[in-house]
Amino acid sequence: MWLHVACNPELTAYFLHEKRGQDAMNAMDILPTYPGISVHDGLRSYASYPSTHALCNAHHLRELRFIVERYDQVWASDMMTLLIDMKHQVEAAKRDGHLELTSTQRPALER
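On a predicted model such as this, the values are computed, not experimentally measured, just so you know. (Residues numbered from 1 in each chain as written. Predicted model: local features only at pLDDT ≥ 70, side-chain atom pairs only at ≥ 80, totals over all residues. Heavy atoms only, no water.)

Peer 1: Account for the pattern of salt bridges, with residues named and values stated.
Peer 2: Taken as a whole and judged by the stated rule, the model has 5 salt bridges. Among the salt bridges present, the one from Arg106 reaches Glu100, with a minimum N-O distance of 3.8 Å. Relative accessible area serves as the criterion here: at 57%, Glu100 is assigned to the exposed category. (Salt bridge = Lys/Arg side-chain N within 4 Å of Asp/Glu carboxyl O. Buried < 20%, exposed > 50% of the residue type's maximum accessible area, 1.4 Å probe, protein only.)

Below, the structure written as C-alpha coordinates:
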(Lines give C-alpha, C1' and ligand atoms only; values in the text may rest on other atoms or scores of the structure.)
Protein backbone atom coordinates (compact mmCIF):
# COMPACT_ATOMS: atom_id res chain seq x y z
CA MET A 1 0.00 0.00 0.00
CA TRP A 2 1.03 3.60 -0.64
CA LEU A 3 0.17 6.52 1.60
CA HIS A 4 -0.65 9.56 -0.53
CA VAL A 5 -0.63 13.00 1.06
CA ALA A 6 -1.96 16.34 -0.10
CA CYS A 7 -1.60 19.31 2.21
CA ASN A 8 -1.52 23.05 2.61
CA PRO A 9 -0.71 25.11 5.72
CA GLU A 10 -4.17 24.45 7.20
CA LEU A 11 -5.16 20.93 6.10
CA THR A 12 -3.64 17.53 5.41
CA ALA A 13 -5.41 14.76 3.50
CA TYR A 14 -4.14 11.17 3.75
CA PHE A 15 -5.20 8.52 1.29
CA LEU A 16 -4.19 4.85 1.31
CA HIS A 17 -4.09 3.06 -2.05
CA GLU A 18 -2.54 -0.08 -3.48
CA LYS A 19 -0.90 1.89 -6.29
CA ARG A 20 1.48 4.82 -6.37
CA GLY A 21 0.67 6.47 -9.70
CA GLN A 22 -2.18 8.11 -11.52
CA ASP A 23 -4.86 5.55 -10.59
CA ALA A 24 -4.35 6.37 -6.93
CA MET A 25 -4.10 10.11 -7.51
CA ASN A 26 -7.36 10.07 -9.46
CA ALA A 27 -9.04 8.03 -6.73
CA MET A 28 -7.86 10.54 -4.10
CA ASP A 29 -9.65 13.16 -6.25
CA ILE A 30 -7.63 16.24 -5.30
CA LEU A 31 -4.99 16.68 -8.00
CA PRO A 32 -7.32 16.30 -11.02
CA THR A 33 -8.91 19.68 -10.23
CA TYR A 34 -6.27 21.39 -8.09
CA PRO A 35 -5.45 24.83 -9.59
CA GLY A 36 -2.51 25.78 -7.35
CA ILE A 37 1.15 24.81 -7.08
CA SER A 38 1.81 21.12 -6.60
CA VAL A 39 5.17 20.37 -4.94
CA HIS A 40 6.22 16.77 -5.47
CA ASP A 41 9.04 14.34 -6.16
CA GLY A 42 8.82 14.49 -9.95
CA LEU A 43 7.03 11.19 -10.50
CA ARG A 44 5.85 11.27 -14.12
CA SER A 45 2.20 10.75 -13.11
CA TYR A 46 2.03 14.27 -11.66
CA ALA A 47 2.66 15.86 -15.08
CA SER A 48 -0.83 14.97 -16.30
CA TYR A 49 -2.51 17.29 -13.78
CA PRO A 50 -3.34 20.96 -14.46
CA SER A 51 -1.57 22.48 -11.48
CA THR A 52 1.69 24.40 -11.63
CA HIS A 53 4.45 21.96 -10.73
CA ALA A 54 7.45 22.45 -8.44
CA LEU A 55 9.96 19.84 -7.37
CA CYS A 56 10.56 19.17 -3.69
CA ASN A 57 13.97 20.26 -2.42
CA ALA A 58 14.02 17.44 0.13
CA HIS A 59 13.98 15.07 -2.84
CA HIS A 60 16.66 17.14 -4.59
CA LEU A 61 18.85 16.82 -1.48
CA ARG A 62 18.31 13.06 -1.35
CA GLU A 63 19.31 12.67 -4.99
CA LEU A 64 22.33 14.95 -4.58
CA ARG A 65 23.46 12.96 -1.52
CA PHE A 66 23.32 9.79 -3.64
CA ILE A 67 25.51 11.45 -6.30
CA VAL A 68 28.02 12.54 -3.65
CA GLU A 69 28.15 9.13 -1.98
CA ARG A 70 28.11 7.03 -5.15
CA TYR A 71 30.16 9.17 -7.55
CA ASP A 72 32.07 11.52 -5.21
CA GLN A 73 31.00 14.57 -7.23
CA VAL A 74 32.04 17.85 -5.60
CA TRP A 75 29.46 19.89 -7.55
CA ALA A 76 26.66 17.85 -5.97
CA SER A 77 27.98 18.57 -2.49
CA ASP A 78 28.23 22.28 -3.38
CA MET A 79 24.64 22.24 -4.62
CA MET A 80 23.46 20.63 -1.36
CA THR A 81 25.21 23.40 0.59
CA LEU A 82 23.59 26.04 -1.63
CA LEU A 83 20.07 24.58 -1.23
CA ILE A 84 20.44 24.43 2.55
CA ASP A 85 21.81 28.00 2.64
CA MET A 86 18.85 29.18 0.54
CA LYS A 87 16.46 27.48 2.93
CA HIS A 88 18.06 29.18 5.94
CA GLN A 89 17.96 32.59 4.26
CA VAL A 90 14.27 32.17 3.38
CA GLU A 91 13.47 31.07 6.96
CA ALA A 92 15.32 34.10 8.35
CA ALA A 93 13.46 36.44 5.98
CA LYS A 94 10.12 34.96 7.06
CA ARG A 95 11.04 35.34 10.75
CA ASP A 96 11.80 39.01 10.04
CA GLY A 97 8.36 39.45 8.44
CA HIS A 98 9.52 39.58 4.80
CA LEU A 99 7.67 37.91 1.94
CA GLU A 100 10.76 37.51 -0.25
CA LEU A 101 14.52 37.72 -0.22
CA THR A 102 16.17 41.08 -0.83
CA SER A 103 17.34 42.27 -4.23
CA THR A 104 20.94 41.59 -3.17
CA GLN A 105 20.30 38.14 -1.70
CA ARG A 106 18.66 36.70 -4.81
CA PRO A 107 21.44 37.51 -7.32
CA ALA A 108 24.08 36.28 -4.86
CA LEU A 109 22.30 32.92 -4.54
CA GLU A 110 21.77 32.68 -8.30
CA ARG A 111 25.51 33.16 -8.90
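Peer 1: Which residues make up the layout of surface pockets, and what values go with them?
Peer 2: Computed from the structure, the largest pocket encloses a volume of approximately 750 Å³. In terms of lining residues, the largest pocket is bounded by 25 residues, among which Val5, Ala6, Cys7, Val39 and Tyr46 are the most central. Elements with a contribution of two residues or more to the lining of the largest pocket: strand 1 (2–7), helix 1 (22–28) and strand 3 (37–40). If one sorts the elements of the lining of the largest pocket by residue count, strand 1 sits on top with 6 residues. Taken together, the residues that form the lining of the largest pocket break down as 18 nonpolar, 5 polar and 2 charged. (1 Å grid on protein atoms, 1.4 Å probe; cavity = no way out; pocket = protein on both sides within 12 Å on 5 of 7 lines; lining within 4 Å. Points joined across faces, edges and corners; volume = space filled by probe spheres on them. Helix = DSSP H or I, 4+ residues; strand = E, 2+ residues; numbered from the N terminus. Nonpolar A, V, L, I, M, F, W, Y, C, P; charged D, E, K, R; others polar.)

Peer 1: Tell me about the side chain of Ser45, and please be specific about residues and values.
Peer 2: Residue placement: Ser45 occurs in the loop between strand 3 and strand 4 (52–55). Looking at Ser45, the relative accessible area reads 18%, which means it is buried. There is a polar contact of 3.4 Å between the side chain of Ser45 and the backbone nitrogen of Gln22. With residues up to four places along the chain from it excluded, the contact list for Ser45 reads Gly21, Gln22 and Met25. (Polar contact = N/O pair within 3.5 Å; in protein donor to acceptor, adjacent residues only side chain to side chain. Contact = heavy atoms within 4.5 Å.)

Peer 1: Before we move on, could you go through helix 3 (residues 74–95) and cite the residues and values that matter?
Peer 2: For helix 3, which comprises 22 residues, the first-to-last C-alpha distance of 32 Å matches the rise-based estimate of 32 Å (1.5 Å per residue) to within 8%. Within helix 3 the residues assigned to the buried category are Ala76, Met80, Leu83, Gln89 and Ala93. Buried residues along helix 3 sit in contact with helix 2 (57–71) and helix 4 (105–110). Phi turns positive, to about 85 degrees, at Gly97, one or two residues after helix 3. (Expected span 1.5 Å × (residues − 1).)

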